[in-house]
Amino acid sequence: MTPEINPGDTAWIMISTALVLLMTPALAFFYGGMVRKKNILSTLNLSFIMMALIGVQWVVIGYSLSFGADHAGIIGGLDFVGFNLVGKTPGPYAETIPHLAFASFQMMFAVITPALITGAFVERVRFSAFLLFSLLWTTLVYDPLCHWVWGKGGWMGAMGALDFAGGNVVHIAAGFSALAFALAIGPRKGFTITTMEPHNIPFTVLGAGLLWVGWFGFNAGSSLAADGLAANALVTTNTAAASAALVWGVLSWRENRPSVMGIATGAVVGLVAITPGAGFVSPLGALVIGALAAPVSYYSIQFRQSKNLDESLDVWACHGMAGVWGALATGIFADPAINQAAGLFYGNPTQLLIQAVSVVVTIAYVSTMTFILARIIDAWLGLRVSGLAEEIGLDLSEHGERAYS
C-alpha cells in the first residue's frame, strides 16, 4: 500500500519545524543576557550564524550522513547529498508526511546543537576558528551520533537505546563537548579575579520563555504525527519544566533568595531532562524527572565552580548532566502504556543498562572528538582572540559593532 500524506500530520510537523528553529535565536538571548555588555552581539551571533552555516551543511551533506543508507551501523551513505531523492512524497522515516518535511524538521536539531556548545567559550573565542569548529563538529560528531541513534540501521538504536527527541544526540553531546572545549581554550582573562556579572537578566528570562515554547515542537513534534503520543510529549515537556523551575527556585531560596535567573535556568534544565523520555514516560514520571533534574544541575554548577573551571554559561551542568539524568531516567520510568517500551519500574531493568551504555559511549565519543578538533584548530588558527581584543570586547574587536551607544 502506497503511503499517503496526512494533512494534519504534515501541518503539525511544519509548525514544529518553525518552533524548533525559534529555539536557536531564543538560545541566543538566553546566553546573551548572561555575558558582559561588550560581548552581547558576539554571543548572539554565535547562535544566530548556526542557522546559516548548518542550514547549508545539512542540505549539502549532513542529512545524508545522518539518515542516508546505513554503513555498518556507523554512518549514513551519500544517497541524500544535496537533498537528492528528498521530495514531496513520504520517505523512509515517516509515512504520513513529505520526506522534505522530515528532513527540514531534523535540520533544526542539527542547527541548535552546536549553538548550545557556544556557552562554554563566550567572550574569548575567535569567530573564524568557531566557524570551522562548528562545521567540522557537526559533520564528524553530530551526524554520526544522529545516525547511531535515529538512522535506520544505526547501532545505538538497534541496541534498543531510547532517545525520543535528543537526549544523547543533542544535550549530552553538546554538554560534554562544551566541557571538552572549555578545557582546550582555557579561562577568560581575569576569571576568578574580575567580576563577570550578567548584564541583562531580562534577556535570559525572555530566552528561557521562548525556549519553553519552542520545546513543544522539539519534543511533541518528534512524534512525527498529530496524535496521542504528541499530546503526551507536550504534557510531559511542560510538566518537567514546571517542576524543575519550582525546585530550582527553592534551592536558590534556601541558600539566599529565589533567583529569577535561577528559576529560568531550572525550567530549561527540566526541558533538557525530559527530552529523551517525553514520548516514553507518563506526566507523573515527567514531574519526578524534572524535580530531580534541578538538583543534579544545580550542584553540578557548584562542583564546576569549586574547580575554578571557566565553562562559562554552564552548558555541561545544564545540558550535559541533565541530559545524562534524563537518558537514565527514561530507562527507569519508561511506561509501556505510553509507547510500548518498559523501564526499570515496569519490570525491565535491562533498559536502564542499555541507556547507561548509550550515555557512556556518547560521552566518550563527543568529548574525545571535540578536544581533538579544538586542539587541531588551535594549533592552526588559534582558538581565542588576543588579550587586548578580549579586553575591548568581542563586539568591537571581532565584529566592529557596538550593541549599546
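Structure report, in brief. Because the structure is a prediction, the values reported are computed rather than measured.

1. Some remarks on the nonpolar core
Residues Y63, F121, Y142 and F218 are the most contacted members of the largest nonpolar core, which totals 123 residues. Apart from the residues within four sequence positions on either side, F218 is in contact with V20, M23, F105, F109, I112, A165, V170, H171 and T275.

2. Notes on the pattern of salt bridges
The full count for this structure, using the stated rule, is seven salt bridges. The salt bridge involving D310 is made with R124; its shortest N-O contact spans 3.8 Å. Residue D310 is found in the loop between α10 (283-306) and α11 (315-333), and its partner R124 is found in the loop between α3 (99-117) and α4 (127-150); the two are separated by 186 residues along the sequence. A salt bridge links R304 to D314; its shortest N-O distance comes to 2.9 Å.

3. A few points about helix α8 (residues 228-255)
A rise of 1.5 Å per residue sets the reference length of α8, with its 28 residues, at 40 Å; its end C-alpha atoms lie 41 Å apart and thus fit the reference within 8%. The N-capping residue of α8, defined by a side-chain oxygen 3.3 Å from the backbone nitrogen of L229, is D227.

4. Overview of α10
Taking 1.5 Å per residue, 24 residues should reach 34 Å; α10 reaches 35 Å between its end C-alpha atoms and fits that length. Residues of α10 that are buried: G285, A286, I289, G290, A293, A294, S297, Y298, S300, I301 and R304. Each element contacted by the buried residues of α10 is listed here: α8, α9 (260-274) and α11. Where α10 ends, the next residue or the one after it, N308, has phi of about 55°, a positive value.

5. Observations concerning a nonpolar patch on the surface
On the surface, L284, L287, V288 and L292 cluster together to form a nonpolar patch covering roughly 340 Å² of accessible area. Relative to the elements of secondary structure, L284 occurs in helix α10. Looking at L284, the relative accessible area reads 62%, which means it is exposed.

6. A few points about the packing of aromatic side chains
Evaluation of the coordinates by the stated rule reveals 28 aromatic pairs. Residues F105 and F109 carry aromatic rings whose centres are separated by 5.0 Å and whose planes lie at 75° to one another, so their mutual orientation is edge-to-face. On the criterion of helical spacing, the pair formed by F105 and F109 is a turn pair, its members being four residues apart in helix α3. F109 matches F105 in its accessibility class, with the two residues each being buried. The ring of Y93 carries K152 above its face, with NZ or CZ at 5.3 Å from the centroid.

7. A word on the packing of helix α1 (residues 7-32) against helix α2 (residues 40-67)
The contact between α1 and α2 brings their axes to 8 Å, and the two run at 165°. Relative to α2, α1 is oriented roughly antiparallel. Judged by the sense of rotation from one axis to the other, the crossing of α1 with α2 is right-handed. The segment α1 lies against α2, with L21, T24, P25, L27, A28, F29, Y31 and G32 engaging I40, T43, L44, S47 and M51. The class makeup of the residues in the contact of α1 with α2 is nine nonpolar, four polar and no charged.

Rules used throughout
Residues numbered from 1 in each chain as written. Predicted model: local features only at pLDDT ≥ 70, side-chain atom pairs only at ≥ 80, totals over all residues. Heavy atoms only, no water. Core = buried A, V, L, I, M, F, W, Y, C linked by side-chain atoms within 4.5 Å. Buried < 20%, exposed > 50% of the residue type's maximum accessible area, 1.4 Å probe, protein only. Contact = heavy atoms within 4.5 Å. Salt bridge = Lys/Arg side-chain N within 4 Å of Asp/Glu carboxyl O. Helix = DSSP H or I, 4+ residues; strand = E, 2+ residues; numbered from the N terminus. Expected span 1.5 Å × (residues − 1). Polar contact = N/O pair within 3.5 Å; in protein donor to acceptor, adjacent residues only side chain to side chain. Patch = residues over 30% accessible without salt bridge, like charges linked within 9 Å, V, L, I, M, F, W, Y side chains within 5 Å. Areas by Shrake-Rupley, 256 points an atom, 1.4 Å probe, with all protein chains shown as cover. Phe/Tyr/Trp six-rings, centres within 6.5 Å; stacked < 30°, edge-to-face > 60°. Lys NZ or Arg CZ within 6 Å of the ring centre and 35° of its normal. Axes fitted to C-alpha atoms, helices over the stretch in contact; angles between N-to-C directions. Parallel < 35°, antiparallel > 145°, perpendicular 65-115°, else oblique. Left-handed = near helix turned anticlockwise from the far one by under 90°. Nonpolar A, V, L, I, M, F, W, Y, C, P; charged D, E, K, R; others polar.

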